[in-house]
Amino acid sequence: MGRITSLLMIIGFILLGCLRVSEQPLQSDDLGAQPGQIIHHVFFWLNNPDSESDKQQLIEGLNTFSSIDEIKVLVVGSPASTIEREVVDNSFDVSELMIFESVEAQDAYQVHPIHTEFVENYSHLWERVVVYDMVVN
């Protein structure tokens, strides 16, 4: 048993040594965002928050946006289990983040048939939606 423990410790130290720790936070260009681009972040609260089926349906619907050319980056996810703090609101059920080249590209997305079909086909799943749009400096 001592040999296995020693071997696991050695492997652990090797893996720790392989990790790259950055002293600087990622900049917007590390995420693919450039000045003037639009970040579109949407939060959804489900009608049935305990329904894994509804959550998966919504996620599948959001992932259909990947075929919209105006969207440069699409990220879909759920609340992270981070440390509880007063300033953190993880009461939402599903979120999506998009990056657009410009306000015009984001405007085109809003009227794109895939987006309008998404709203038509999936809006029955949510009770609340909050959107935050920002321009990258």
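See the structure printed just above.
Below, the structure is looked at part by part. (Residues numbered from 1 in each chain as written. Predicted model: local features only at pLDDT ≥ 70, side-chain atom pairs only at ≥ 80, totals over all residues. Heavy atoms only, no water.)

### Some words on the packing of aromatic side chains
Moving on, step 1. By the definition in use, this model includes nine aromatic pairs.
Moving on, step 2. Centre to centre, the rings of Phe 43 and Phe 92 are 4.9 Å apart; their planes meet at 70 degrees, and the pair counts as edge-to-face. Of the two residues, Phe 43 is situated in strand 1 (residues 38-46) and Phe 92 in the loop between strand 2 (71-77) and strand 3 (94-100); the sequence distance between them amounts to 49 residues. (Phe/Tyr/Trp six-rings, centres within 6.5 Å; stacked < 30°, edge-to-face > 60°. Helix = DSSP H or I, 4+ residues; strand = E, 2+ residues; numbered from the N terminus.)

### Remarks on the environment of Trp 126
Moving on, step 1. If you trace the backbone, Trp 126 turns up in strand 4 (residues 126-135).
Moving on, step 2. Through-space distance from the C-alpha of Trp 126 to that of Asp 93 is 9.3 Å; in sequence the pair is 33 residues apart.
Moving on, step 3. Excluding residues that lie within four positions of it along the chain, Trp 126 makes contacts with Phe 44, Trp 45, Leu 46, Asn 47, Leu 58, Phe 118 and Val 119. (Contact = heavy atoms within 4.5 Å.)

### Re helix 4 (residues 113-122)
At 3.6 residues per turn, the α-helix brings residues three or four places apart onto the same side.
Moving on, step 1. Every buried residue of helix 4 is accounted for by His 115, Phe 118 and Tyr 122. Buried residues of helix 4, viewed axially, fall in a sector of 60 degrees; they line one side.
Moving on, step 2. Where helix 4 is buried, its residues contact strand 1, helix 2 (52-63), helix 3 (103-110) and strand 4. (Buried < 20%, exposed > 50% of the residue type's maximum accessible area, 1.4 Å probe, protein only. Arc of directions from axis to C-beta.)

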